[in-house]
Amino acid sequence: MDKKTFVERATFGDRSLYRLEDLAELAGVSISTVSRALNDSDLVSERTKARIRQIAQTHNYAGRLRDKLDPVRPTSRTISAVIPPPQGRDQRISDPFLLDLLGGLADQMIERDCDLLISHVMPSDLDGMLSLLSSGRSDGLIFLGQSTVHEDLNSLADRGVPFVVWGARLPNQKYCTVGSDNLKGGHRATSHLIRLGRRRIAFIGDVEPPELRLRFDGYKQALEDAGIAFDPDLVRPAHFSLESAMEAVESLLESGTEFDGVVAASDLIAIGAVRGLMKSGMHVPEDVSVVGYDDVRMAAYSSPALTTISQDVGKAGRLLVSKLLRILDGQGVRSELLPTELIVRESCGA
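Residues numbered from 1 in each chain as written. Predicted model: local features only at pLDDT ≥ 70, side-chain atom pairs only at ≥ 80, totals over all residues. Heavy atoms only, no water.

Draft legend 1. Expanded view of the overall build of the chain. What the chain contains, in helices and strands, is 14 helices and 12 strands. Counting across all 350 residues of the chain, residues that qualify as buried make up 55%. Within the chain, contacts between residues separated by at least 24 positions form 68% of all contacts whose residues are at least 6 apart in sequence. Accessible surface computed for the chain: about 15,700 Å², of which carbon and sulfur atoms make up 49%. (Helix = DSSP H or I, 4+ residues; strand = E, 2+ residues; numbered from the N terminus. Buried < 20%, exposed > 50% of the residue type's maximum accessible area, 1.4 Å probe, protein only. Contact = heavy atoms within 4.5 Å. Areas by Shrake-Rupley, 256 points an atom, 1.4 Å probe, with all protein chains shown as cover.)

Structure representation (structure tokens):
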């Protein structure tokens, strides 16, 4: 980048428009080295820290440097939680599971003296993702899902951007993920209904996001293991809302497709499915057994109380924050797969 471009970027009234990647280019180092230097990491030499801070001050980079140089303000890190699409389109911040996961993150950040920023507007390309960090507002990123941006996340990892992802393990993955065993969870939910004698089991949910696709794969695997033929007519898409799930149930009933069980991709979808069934005059679990996924807090208090697959969001929050902080300190991390648990309540009959 030439000097003229830097000058044009640097001046906008009294605001600095310099980004971490600009400082990295000026200093001839990686973005992660600049981030570590501004966070006073022991993995960066004092000479390099001083040079990077001097460049940042010379070019009026505000970002996190101001925190480090102001003796009145406490030294802490700011982490951004980012919600990728299509979850960002359909899974609103008010979604119960997302709130539980954000709560787990927030609890851990309080213990680690970190601030939490939430971004529900996911950039559509790689440059936009880079700007989330290089704007200087955040030291690192936690993506709450992979959605369709897996390759962009790989590109971020290639550039040394500090981030971790709540999500699934995918082929050729270059970044660290923390996630539940969704394949086994989907298998466990379906197998429970099969043990209860259900044979016409529907799957309701969006199968595009990687985590939900694995739940769907587990559903199909359980059917195969029990010698039950997979019927695509029993699959209905539904987004993360009660209304969408009720529409999916209505579609099933209107099609005349017989079913005696439902595996839902989330608890919110399961509760919507129960409402749709009861609105149509059917009884849960007498006519149709329903199993959800997530074990959000409202699952135990729905009517009937929801049988579901539990994910440990408290442990997930601890791991996501600790792994990101280790990355910021220049340490190696590995992906983590968390176990799931079947929570049996009233909606399946046993």
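That shown, we press on.
Draft legend 2. Up close: the sheet that holds strand β2 (residues 114-119). The sheet built from 6 strands is open, its strands ordered β2-β1-β3-β4-β5-β11 with parallel pairing. In the strand order of this sheet, the two ends are held by β2 and β11 (336-338), each with one partner. In this sheet, adjacent strand axes meet at a mean angle of 20° when their direction is disregarded. Looking at chain direction, strand β3 (residues 140-144) and strand β4 (residues 163-166) are connected through 4 bridges and run parallel. By the bridge assignment, Phe143 is partnered in β4 with Val165. Its contacts with the sheet place helix α9 (residues 150-158) against β3 and β4, and it is angled at close to 155° to β4. (Pairing = 2+ DSSP bridges. Axes fitted to C-alpha atoms, helices over the stretch in contact; angles between N-to-C directions.)

Draft legend 3. Geometry of the packing of helix α7 (residues 96-111) against helix α14 (residues 313-328). Their axes nearest at 8 Å, the elements α7 and α14 cross at an angle of 50°. If you check the angle between α7 and α14, you find them oblique. The element α7 and its partner α14 pack so that their crossing is right-handed. Between α7 and α14, the contacting residues are Phe97, Asp100, Leu101, Gly104, Leu105, Gln108 and Met109 on the first element and Val313, Ala316, Gly317, Arg318, Leu320 and Val321 on the second. Of the residues assigned to the contact of α7 with α14, the class counts are 8 nonpolar, 3 polar and 2 charged. (Parallel < 35°, antiparallel > 145°, perpendicular 65-115°, else oblique. Left-handed = near helix turned anticlockwise from the far one by under 90°. Nonpolar A, V, L, I, M, F, W, Y, C, P; charged D, E, K, R; others polar.)

Draft legend 4. A look at the packing of aromatic side chains. Tallying each qualifying case throughout the model produces 8 aromatic pairs. Here the aromatic rings of Phe97 and Trp166 are separated by 6.2 Å at their centres, their planes lie at 45°, and the arrangement is tilted. Within this pair, whereas Phe97 is found in helix α7, its partner Trp166 is found in strand β4, the two being separated by 69 residues in sequence. With relative accessibility at 7%, the residue Phe97 sits in the buried group. With a centroid separation of 5.6 Å and 90° between ring planes, the pair formed by Phe143 and Phe163 is classed as edge-to-face. (Phe/Tyr/Trp six-rings, centres within 6.5 Å; stacked < 30°, edge-to-face > 60°.)

Draft legend 5. Fine view of helix α11 (residues 210-225). For α11, which comprises 16 residues, the first-to-last C-alpha distance of 22 Å matches the rise-based estimate of 22 Å (1.5 Å per residue) to within 8%. Looking only at α11, the buried set comprises Pro210, Glu211, Leu212, Arg215, Phe216, Gly218, Tyr219, Ala222 and Leu223. Gly227 occupies a position one or two residues after α11 and carries a positive phi of about 75°. (Expected span 1.5 Å × (residues − 1).)

Draft legend 6. Molecular detail of the pattern of salt bridges. Considering all chains together, one arrives at 10 salt bridges under this definition. Measuring nitrogen to oxygen at the nearest pair gives 3.1 Å for the salt bridge that ties Asp231 to Arg200. With Asp231 in the loop between α11 and β7 (235-236) and Arg200 in the loop between α10 (182-195) and β6 (201-204), the pair connects residues that are 31 residues apart, well separated along the chain. For the salt bridge of Glu336 with Lys323, the shortest nitrogen-to-oxygen distance reads 3.2 Å. Of the two residues, Glu336 is situated in strand β11 and Lys323 in helix α14; the sequence distance between them amounts to 13 residues. Like Lys323, Glu336 is buried. Among the ionic contacts, a cluster of salt bridges with common partners joins Lys323, Arg334 and Glu336. (Salt bridge = Lys/Arg side-chain N within 4 Å of Asp/Glu carboxyl O.)

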